[in-house]
There are 4 protein chains.
Amino acid sequence: MVVVMYPQAKEEQVAEVDSRLTAMGFRAQVIYGAKRTVVAAVGDRRAIESLGLEALPGVEKVVPIMKPFKLASREVSEENTVIKVRGVTIGADQVAVIAGPCAVESREQLMKAAQAARRAGARFLRGGAFKPRTSPYSFQGMEEEGLKLLAEVSEQTGLVTVSEVIDEDSLERATAYIDILQIGTRNMQNFRLLKAAGQSNKPILLKRGLSATIEEWLMAAEYIMSEGNQSVILCERGIRTFETYTRNTLDLSAIPLVKSLSHLPVVVDPSHATGKRELVLPMTLAAVAAGADGLLVEMHPNPAKALCDGPQSLNPEQFLQLMESARPVAQAIGKTL
Amino acid sequence: MVVVMYPQAKEEQVAEVDSRLTAMGFRAQVIYGAKRTVVAAVGDRRAIESLGLEALPGVEKVVPIMKPFKLASREVSEENTVIKVRGVTIGADQVAVIAGPCAVESREQLMKAAQAARRAGARFLRGGAFKPRTSPYSFQGMEEEGLKLLAEVSEQTGLVTVSEVIDEDSLERATAYIDILQIGTRNMQNFRLLKAAGQSNKPILLKRGLSATIEEWLMAAEYIMSEGNQSVILCERGIRTFETYTRNTLDLSAIPLVKSLSHLPVVVDPSHATGKRELVLPMTLAAVAAGADGLLVEMHPNPAKALCDGPQSLNPEQFLQLMESARPVAQAIGKTL
Amino acid sequence: MVVVMYPQAKEEQVAEVDSRLTAMGFRAQVIYGAKRTVVAAVGDRRAIESLGLEALPGVEKVVPIMKPFKLASREVSEENTVIKVRGVTIGADQVAVIAGPCAVESREQLMKAAQAARRAGARFLRGGAFKPRTSPYSFQGMEEEGLKLLAEVSEQTGLVTVSEVIDEDSLERATAYIDILQIGTRNMQNFRLLKAAGQSNKPILLKRGLSATIEEWLMAAEYIMSEGNQSVILCERGIRTFETYTRNTLDLSAIPLVKSLSHLPVVVDPSHATGKRELVLPMTLAAVAAGADGLLVEMHPNPAKALCDGPQSLNPEQFLQLMESARPVAQAIGKTL
Amino acid sequence: MVVVMYPQAKEEQVAEVDSRLTAMGFRAQVIYGAKRTVVAAVGDRRAIESLGLEALPGVEKVVPIMKPFKLASREVSEENTVIKVRGVTIGADQVAVIAGPCAVESREQLMKAAQAARRAGARFLRGGAFKPRTSPYSFQGMEEEGLKLLAEVSEQTGLVTVSEVIDEDSLERATAYIDILQIGTRNMQNFRLLKAAGQSNKPILLKRGLSATIEEWLMAAEYIMSEGNQSVILCERGIRTFETYTRNTLDLSAIPLVKSLSHLPVVVDPSHATGKRELVLPMTLAAVAAGADGLLVEMHPNPAKALCDGPQSLNPEQFLQLMESARPVAQAIGKTL
């Protein structure tokens, strides 16, 4: 960390910064330039931040140098984390494909989606039972009944299930039925929920917040991990920008970037990222080529009748085609799908 | 709403859109242009959106025309909503000033802050007991003990209290001690919390999400109001942009914009918006001039020792000066402060 | 286009909108809803916009429905535009690879870069002679001498050259030496330059502006095309967002999106987009998989001594590896590279 | 500047960074932490950046500490720059009001606008003769004829004129007729134009780029100043964000921020920033309260017939009301208007 003093800072103000750092056990060095003085210190960022140096007289700004995350950091583990659920892995050489409808609507709808997923080669089934919706007047999900249908269909098809939780109550209920719990983009900084997820024994699929930096995203993972749950799967799903032709802007550079900063697996949701069915295929191929550990794809037996996100859902045929197109791209970079 | 058909859309595809709209009771009109056909309909946006028209063959896009909020809308009430708490109003001609520390740290700290607030003329005291922090390793608040201190100090000083709630549990506990419950920027779309707030009998101060559009913000208010609680105070606190010199970008145009779209009062938090103490005064004056119904200002008896947000906190003297500078601006636009 | 009237709009205000549209030859239809009235018209957007309806009393807003671009539009041509320069194509089945240094620094540097490019299989050489730099104190390019070196090296290696122009003067001078003229991100809305480029007989590589929407980008192409030059190559190079770990955010969804909206070829610059050498390879693979018609890659014989953009430049060996990695991805989607 | 080494960086890589810095005459200090080593140096940022340290092996990143601007910097002058044109000042205690139409359309239109401006107390007249338009099919301005009209009307009314230049040619022509030359938002990084403006003897009103950071904006001013012209007026006009209810997001915190970083005057354009007539008044009051040195307001004798930007233009009556409302706010902060 570097403390930049104002040009007119007094000698005793510099000394105060220096002594606060030294008192806490940091190696601080005062560096005098022609016009400015800075005080540099290397050490635990959290500890330094707690010193409140930015509020001291004479201090212009404090520039952090080190990353604030620890457990999620690549420095903790050179090896990639591989998460194994009911015999299927995420984070190894096979690209994990999670497919299914935005919302569980009925047994028939879910079973059709699951069969289409399995037929095309996917190993994971997604389906929302608790739906966070922008409008209070929109369909809010089947709740526990939806969870039961997911468990039932999973048993019949062997697919590993993924479903979103939105508070401590839904997390507790989902734990009884679901294999992987998803925390959605709007809850990425719902710290209570993150802590509860950290005490769960289920893997957590953590979506990137709508306008979360990579650092904030990894800090959200850190929340979960600091409570004991190391099985976190990160999911890039597009960020908010000024562009309006797409629902969000898919940030594929997040894949290699996160993989250099962290040992956690990263999957990509091209459906929510783009909001347009015709962009799902090319963005899937791009995600695979960029090194994504998995995909989260919205697929509905009948998109035109979907209770949510119809415009971005593939039908079973389109999904089959997507899988067939993605396989050679995976092979081209030495993976399977 | 306008359904734009693809240039190559077939006649029966247009007819299908038309008949779906008509079947639901909308007046639809098909308009034929030289190259394109569009179907226009006026009516309840939520009902139209539930038709899933965007997923029909031949449809290029659906352009919404009407606003999605109802109860929060200006169309519901030409008169401004005035919220009255323990004899003090928000939304009338007096600019409401809410001041206090980011976090309640001790009885002494809080009492000093409260006295400084009252001395300068503020009628509201803020202080965080439950702190949503980006890092799991940062100070998370005094929780219930902090609430008790707020109630105690409020009783002694007569100040109306404002404190943040972060889940259903903290909401329930705060209800026993606090006058106005705050929902923070990271929870603006925590829909469970919004619903719980809607069932509360306390006024809710709803901060704008970090990257929430005006429309999403008003829809979050709508969530609260649709559960029965009409006492919502909106709080602009800066949005996330590419600029890094400030913590966020304060969007003051949100004040007159929201006041034209909605009857709810709007207050401004210049402290979190800018993240810099020296910008708090000019942004306070600007907020008052732009017509803000209130201010939320961080003030700490000793900012250099604050457990959070020290760099943006005013000390009591600076706060006094802020109040004295803001008063003539309020008067210049026909208000008091 | 749809003209939305205020709820309290008077009948004669609606009539005025209707009659203005009708007088200009549009088919306007007035649609009466329960609370609102709208007037819908289909027709040339530019003509309708020139009517100034938004400023009429009673009008709340005007919502455009159609796209504003014409010549660049996919509706003009179902076939993709293929640009052929000295026997090499951009826009057909072979991914065009443009490689070379940010700035031409010397004959030796450029020749080494060119040889490395050719050895790896690239057919195009880039090199800046006129450099738009954020700081007036940074190296501004070799100007005409740089152009001459590009022409000389092109003659010896057979590589097709690409170089940036920054005003009418540099455009005129570059025309004598260079095969493809680049208009940079900061000049995407330098309309004088666009018009001059439209009168040139050279293909134009048009970079997307730092914060340009897809629509504005295509309108910039429209400027060039409306002056007669139909040979426009669009280049996605990252947009400005709140994320700071990367220089910009590469928007790969722009590739399929632009290809659905326009017939023009789209290439991708992963070097400027990310600003980090280690992200160039994965983003190259992703761009190819997403369907990019070409790549613009910074490569320097000795990046640590580059006069600009060293941190994002590959060295010749890394570039060779990139080409070898990208080839199977191109093949996986039915292309060559 | 701080050079952060990778955790696994070798001793000789650290030494190489150190010796490069020392060789260039910087005082470098190597700081060893528990896990990381950093090398800190204080000195001229431009000189350090030219060393290409970021591209050296073992270097993770280079974190700049000092600001890159010099002549525009507050460190050059504690006193505010006051610009005086034909007896009227910008940057002193009187808020400078610049009013007039988006585009000069005719002698009659301009004269009416000028008379309305003068009547209301404005001392400056704006009017575009060269219009940079997003669409090649929109009205592009009256060019030299517009300049002549501005000069003529200025002579008759005594108003100081402001008009936009878009390239070297229009700059040269405008110099003969106009008092203050404006460089628009799309040309903020048109470095050729900035240099030409730097060689002009006219004050330059430099608009902030659509997505320019404060730092880039001040660097654009630095371009002009480094060529010799110290009379630069900065103009905040809204930045691009995700919000769509307003045309741009007016960043009023830029006023006090720029005034702390620089000695140059800052004016605000509430018309382009918001794009909505009804937001111009409140944003004007806010800008004045925040300490703006001036205002740039679009006013047209008949907005419904304006050839551009009608929806955001005030009519003469509304402008008069704006001036009357702004005066007491200016007085409240110790200024006149």
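Everything numeric in this text was worked out from a predicted model, so none of it was measured.

S.K.: Got a minute to help me understand the interface of chain A and chain B in this structure?
M.R.: One widely used convention gives an interface's size as the accessible area the parts lose upon coming together. If you look at the interface, chain A gives 45 residues, while chain B gives 46 residues. Interface area, chain A with chain B, both sides summed: about 3600 Å², of which 50% is carbon and sulfur. B:Glu216 is the partner of A:Arg240 in a salt bridge, and the nearest nitrogen-oxygen pair spans 2.6 Å. At the surface where chain A touches chain B, the tally comes to 21 residue pairs in polar contact (both at pLDDT 80 or more). Among the elements of the structure, α5 (168-175), α6 (191-198), α7 (214-226) and α10 (277-289) of chain A are those that each provide at least two residues to the side of chain A that touches chain B. Broken down by element, the side of chain A that touches chain B gets its largest block of residues, five residues, from α7(A).

S.K.: Just checking my understanding: could you explain the interface of chain A and chain D for this structure?
M.R.: Every contact between the two is made by 25 residues of chain A and, on the other side, 25 residues of chain D. By the criterion of area lost to chain D, the three top residues of chain A are A:Ile31, A:Val42 and A:Ile65, representing 23% of everything that side buries. Connecting chain A to chain D are two salt bridges. The residue A:Lys67 makes a salt bridge to D:Glu60 at a minimum N-O spacing of 2.7 Å. Sort the elements by how many residues they give to the side of chain A that touches chain D and strand β2 (residues 27-32) of chain A lands first, with five residues.

S.K.: Would you take a moment to explain the state of the cysteines for this structure?
M.R.: Defined simply, a disulfide is a covalent bond joining two cysteines at their sulfur atoms. Applying the stated criterion across every chain, the model contains four disulfides over all chains. Between the sulfur of C:Cys102 and that of C:Cys308 lies a disulfide, 2.2 Å long from S to S. Between C:Cys102 and C:Cys308, the S-S torsion sits near -100°, and that sign places the bridge as left-handed. One end of the pair, C:Cys102, is in the loop between β7 (96-100) and α3 (107-120); the other, C:Cys308, is in the loop between β14 (294-298) and α11 (316-332), with 206 residues separating them in the sequence. Side by side, C:Cys102 and C:Cys308 carry an identical accessibility label, which is buried. Not part of a disulfide, A:Cys235 finds its nearest cysteine sulfur in A:Cys102, a span of 13 Å. Judged by its relative accessible area of 0%, A:Cys235 is buried.

S.K.: So what exactly am I meant to see when it comes to the relation of the copies chain A and chain D here?
M.R.: Relating one copy of the chain to the other requires a rotation about an axis plus a shift along that axis. Once chain A is rotated about the relating axis by 180° and shifted along it by 0.0 Å, it coincides with chain D to within an RMSD of 0.0 Å. The superposition of one copy onto the other is thereby described by a two-fold rotation axis. If distances are taken from each C-alpha of chain A to the rotation axis, the shortest is found for A:Phe242, at 2.2 Å.

S.K.: I'm lost on unusual backbone geometry in this one. Help?
M.R.: Generally, phi is negative for residues other than glycine and the peptide bonds are trans, each holding for most cases. We note that A:Glu143 has phi near 55°; this positive angle belongs to a residue other than glycine. Phi is positive for B:Arg86, which is not a glycine, with a value near 45°. Along the polypeptide, B:Arg86 turns up in the loop between β5 (83-85) and β6 (88-90).

S.K.: Looking at this structure, I do not really get the nonpolar core. What am I missing?
M.R.: In summary, soluble globular proteins display a tendency toward joint burial of nonpolar side chains. Ranked by size, the top nonpolar core spans 166 residues in total, and within it B:Leu206, B:Leu252, B:Phe319, D:Leu206, D:Leu252 and D:Phe319 carry the most contacts. Discounting residues that sit within four places of it in the chain, D:Phe319 has contacts with D:Val97, D:Ala99, D:Ala116, D:Ala117, D:Ala120, D:Ala122, D:Val297, D:Met299 and D:Leu314.

S.K.: I tried to follow the domain arrangement of chain A on my own but got confused; where do I start?
M.R.: Taken domain by domain, chain A consists of domain 1 (2-63) and domain 2 (83-332). Of note, the centres of domain 1 of chain A and domain 2 of chain A, computed from C-alpha atoms alone, are 44 Å apart.

S.K.: Help me understand the sheet that holds strand β3 (residues 37-42) of chain D in this model?
M.R.: Sheets are built from strands paired through backbone hydrogen bonds, the pairs being either parallel or antiparallel. All names here are of chain D. One open sheet holds the four strands; their spatial order is β2-β3-β1-β4, and the pairing between them is antiparallel. Two strands close off the open sheet at either side, each with one partner strand: β2 (27-32) and β4 (59-63). Strand after strand, the sheet turns through a mean of 20° between neighbouring axes, direction not considered. With four bridges connecting them, strand β1 (residues 2-5) and β4 associate as antiparallel partners. Pairing of Val4 across the sheet is with Lys61, part of β4.

Cut-off values and rules
Residues numbered from 1 in each chain as written. Chains lettered and ligands numbered in written order. Predicted model: local features only at pLDDT ≥ 70, side-chain atom pairs only at ≥ 80, totals over all residues. Heavy atoms only, no water. Contact = heavy atoms within 4.5 Å. Buried area = accessible area lost by both parts, 1.4 Å probe. Salt bridge = Lys/Arg side-chain N within 4 Å of Asp/Glu carboxyl O. Polar contact = N/O pair within 3.5 Å; in protein donor to acceptor, adjacent residues only side chain to side chain. Helix = DSSP H or I, 4+ residues; strand = E, 2+ residues; numbered from the N terminus. Disulfide = S-S within 2.5 Å. Buried < 20%, exposed > 50% of the residue type's maximum accessible area, 1.4 Å probe, protein only. Least-squares fit on C-alpha atoms with pLDDT ≥ 70 in both. Core = buried A, V, L, I, M, F, W, Y, C linked by side-chain atoms within 4.5 Å. Domains from an automatic or database assignment. Pairing = 2+ DSSP bridges. Axes fitted to C-alpha atoms, helices over the stretch in contact; angles between N-to-C directions.

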